[in-house]
Amino acid sequence: MNIFARLKHWREQGAISQEQYAYLAGLCRGEPSSLFLELNVLLYAGVLAFVAGLGWTVTTWSQQLGDLLVLAVLSIILAACFWYCFSRAPAWSLAQTPAPTAVFDYVLYLGSLVWCVELAYLENRFHVLSGQWDYYLLATAVFFFFLAYRFDNRFVLSLALSSLAGWFGLTISRWPDHQDATYRQYAILYSLLVGISGALLKWRGTKAHFFGTYLNVAANVLFWALLSGVFNRYGYGVWFVALLLACGASLAWGLTRRQFVFVAYAAVYGYIGFSAIVVRNMRGETAILAYFVFTAVGMLVALVQIARHFGRRA
Amino acid sequence: MRAYPAASEETLRARKLLADWAGEGFVTKEQFERLQQETISDLRTTNIFLRLVLFFFTLVGVGAAVGLFYEIFLSGASGQTDGIFLLIFAVVCYAGAEVVVARARLYRYGIEEALAVCSIAFSYVGIVVFFGESRSTVDLVLPVVGVALSLWIWHRFGLWYTFPATMIFAALLPSHWTTSHAAVRVAVALLYGLGLAGVIAARARHRFDYVEDDYSLAEALLWLGIYLALNLQLWSLQMLGHWWGGNGRAASDFARPFYWTTWALIWVLPAVVLVRGVREKDRFIMAVGGIVSVLTLVSNKPYLGWPRQTWDPMLLGILLAAVALLLRRWLAQGAGGVRGGFTAARLSGKDRQWMNASSAVFGLVTPQSITPSPQTRTEDFRFGGGASGGGGAGGDF
């Protein structure tokens, strides 16, 4: 029974109305057909291409164009974007707010990226912050967080999170010694900060729909940091224990909230970390290959059980 | 021919559509709960994340098992023996995929997919190892077997990603027939054209049913393949290395009539693909039409030997945004926001999921790749250096 026969059957049963039947059958035939995704992709690609060209042009022609002209053009674009956004934005709300116009999110994204280009230009040409890029990144992150929450925009939230990550990274890049260990500690600090902030904001009901973005970023940074510790030559035990705890927490969260991406994180990151510990003490290819055969089968059995219990029989 | 009964796949499709309609409010919660009971399929599916992880661990397990077998039983064996056993493993993997589908009713579950993919990979390596000494035999047998096996698995299990594998194997065939680069390109385009004719013919028999999406994607990939075969400025990495310079290197590698014919074709093909996509209301084909249109705009200057300008991407960006805005405005003028059978409104929850996921991911990824990054203090006027940076703080002025 194809979908049209099924719809007809449901209509005859009285399970759906005649109007629903006509509309749903039309949708199945592509009448109408939605271009929602395509139009958004075009706008996004357009913004990216424009900013890439803008950055490239500024980079190449800054000397010929002169600082005044470059900064004037960048500032005009920036002001136009933010004027558009602030003049059209609805009143701020704690809850999810739809964009007032179809292009609103992309104008905001364009403004945010042009802000990056202009600040980078200012710093490189005039050394406003005397090369203190970390302050620039921190200020940018704060500004982007403000924009993301004011205008309810995931694009800009991601920019804010990546700027904050850049601030953590650049701050410690000046430190001469023990870079790996220091990077790791800062990465863990970053992931905890992001995760806890996201949880607190969700708890307070402030743009609770952003929580997924926070949690995914925090989880991935945390797992990478812990894995880098597990791959240490010495002193990896504490990182391994921490990795197991993080995997347990991720698994529990994924199963209880039915967010299976966290089950996948726990399985893959945990397996890599566990295998790194076991394989480093193994001698001979046979033992190593046997380990991978048996553990992969074990993981498959466990995951199939999870999939059976929590997945679906369609 | 399909590994799954048509009724099961059709039921599964109905279930997914029902969930989508419920998410968009086209059916009420009560209707959804009632109708859901009528769309229970015997196929076992899972979510995308568990599917990916199951795929990964199946690959690890199978790869390690084959490695272990070779380590224990075949260390020091001849190349031909290794090749034969790899081919045997390919058969075993394929049989494994069939068994788990038949017995456990797995459908896009990761395990059967990884086994099917392993059967292609082992066949590939097995043939290379078996005919190691005879290059010409490898060059002939490998693409033929690759095409046949990938195409069969695509058709049998409906795994979309084995269709591009089929196309890649098919692209290897002409190099066995001729050494002329131009002839190879024409032959590849003709092979894809033959495939396209076959797919279009087969698709006509599956209008609006559960297989149509498979054929739609296959057709879109074939259009893309034909375009890539004919666009001389996008083909080889060597040319890409000279691409930004716009020195027209490709022109000297091909006969002038062929070169300029392909230039004309890369302008004609996007229009053909877009028209086909619009007429069929096919998203995949329209997407490919959009992609090849952009590729044509991007590769036109290198084709003509004109220098690229730094503001070219800006113009492209303005064009893309303008097209989106004009299209949206045009659609909005129709009754109910519908014009020519199209609307700018969202009609599927999948679109929203894609938007949410991609906005988060691309927001994290793009600033580093498109905006200038910081650098250490320098007296030089030109930007340049640095590689790090978060929200676009990355430097190259």
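Counting of residues starts from 1 at the beginning of each chain's written sequence and follows it residue by residue. Chain letters and ligand numbers both follow the written order, the letters beginning at A and the numbers at 1. Reporting of local features is limited, given that this is a predicted model, to residues whose pLDDT is at least 70; pairs of side-chain atoms are given and counted only at 80 or more, and all residues count toward the totals for whole chains, interfaces and linings.

Caption draft 1: The overall build of chain A, seen in detail. When you go through chain A residue by residue, the secondary structure sums to 12 helices and 2 strands. Helix numbers and strand numbers start at the N terminus; a helix is a DSSP run of H or I with at least 4 residues, a strand a run of E with at least 2. Helices (α) and strands (β) of chain A occur, in sequence order from the N terminus, as α-α-β-α-α-α-α-α-α-α-α-α-α-β. The C-alpha extent of chain A, read off along each of the three principal axes, is 70 × 65 × 40 Å. Three exposure classes are used, based on other C-beta atoms lying within 10 Å of a residue's own C-beta, which is placed from the backbone: buried for 20 or more, exposed for 12 or fewer, and partly exposed in between. Counting the 314 residues in chain A, one finds 42% classified as buried. Looking at chain A alone, contacts between residues at least 24 apart form 55% of all its contacts between residues at least 6 apart. Any pair of residues counts as being in contact when their C-beta atoms, constructed from backbone geometry, are within 7 Å of one another.

Caption draft 2: A look at the overall build of chain B. Along the backbone of chain B there are 16 helices and 3 strands. A sequence separation of at least 24 residues applies to 56% of the contacts in chain B between residues at least 6 apart.

Caption draft 3: Structural context of the packing of helix H3 (residues 36-65) of chain A against helix H15 (residues 312-332) of chain B. H15(B) packs onto H3(A) with a crossing angle of 155° between their chain directions and a minimal axis gap of 7 Å. On the basis of the axis angle, H3(A) is roughly antiparallel to H15(B). Judged by the twist between their axes, the crossing of H3(A) over H15(B) is left-handed. For this classification, the nonpolar set comprises Ala, Val, Leu, Ile, Met, Phe, Trp, Tyr, Cys and Pro, the charged set comprises Asp, Glu, Lys and Arg, and every other residue, Gly included, is treated as polar. Taken together, the residues of the contact of H3(A) with H15(B) break down into 19 nonpolar, 4 polar and 2 charged. Lines fitted to C-alpha atoms define the axes, with helix axes restricted to the stretch in contact, and inter-axis angles between N-to-C directions lie between 0 and 180 degrees. Any angle from 65 to 115 degrees is called roughly perpendicular, while one under 35 is roughly parallel, one over 145 is roughly antiparallel, and all others are oblique. Each crossing gets its handedness from the near helix: less than a right angle anticlockwise from the far helix is left-handed, clockwise is right-handed.

Caption draft 4: Spotlight on helix H6 (residues 133-151) of chain A. All names here are of chain A. A helix's residues, less one, multiplied by 1.5 Å, set its expected span. Between its terminal C-alpha atoms H6 stretches 26 Å, which fits the 27 Å expected from 19 residues at 1.5 Å a residue. Burial in H6 covers these residues: Trp 133, Asp 134, Tyr 136, Leu 137, Thr 140, Ala 141, Phe 144, Leu 147, Ala 148 and Phe 151. An end-on view of H6 places all buried positions within 145° of arc, on one side of the element. The arc under discussion is defined with respect to the helix axis, by the directions toward the C-beta atoms.

Caption draft 5: View of the interface of chain B and chain A. The interface of chain B with chain A comprises 93 residues on the first partner and 100 residues on the second. Among the elements that line the side of chain B that touches chain A, the one with the most residues is helix H3 (residues 48-73) of chain B, at 16 residues. Tallied by class, residues from the side of chain B that touches chain A come to 53 nonpolar, 26 polar and 14 charged. We call two strands paired when DSSP finds no fewer than two bridges between them. In the sheet, strand E1 (residues 33-34) of chain A pairs with strand E3 (residues 342-343) of chain B via 2 bridges, with the strands oriented parallel. By the bridge assignment for E3(B), A:Ser34 is matched with B:Thr343.

Caption draft 6: Geometry of unusual backbone geometry. Residues and elements named next belong to chain A. A cis amide bond links Glu 31 with the next residue in sequence, Pro 32, at an omega value of 0°. Note that Pro 32 resides in the loop between helix H2 (18-28) and E1. With a phi angle near 55°, Arg 258 is a residue other than glycine that sits in the positive phi range. Here Arg 258 shows up in the loop between helix H10 (237-257) and helix H11 (260-280).

Caption draft 7: Focus on the packing of helix H9 (residues 181-204) of chain B against helix H10 (residues 212-230) of chain B. Residue and element names in this part refer to chain B. Put simply, H9 and H10 touch, their axes get as near as 9 Å, and they point 160° apart. If you check the angle between H9 and H10, you find them roughly antiparallel. Judged by the twist between their axes, the crossing of H9 over H10 is left-handed. Contact residues: H9 offers Arg 185, Val 188, Ala 189, Tyr 192, Gly 193, Gly 195, Leu 196, Val 199, Ile 200, Ala 202 and Arg 203, while H10 offers Glu 212, Tyr 215, Ala 218, Glu 219, Leu 222, Trp 223, Gly 225, Ile 226, Ala 229 and Leu 230. Within the contact of H9 with H10, the residues separate by chemical class into 14 nonpolar, 3 polar and 4 charged.

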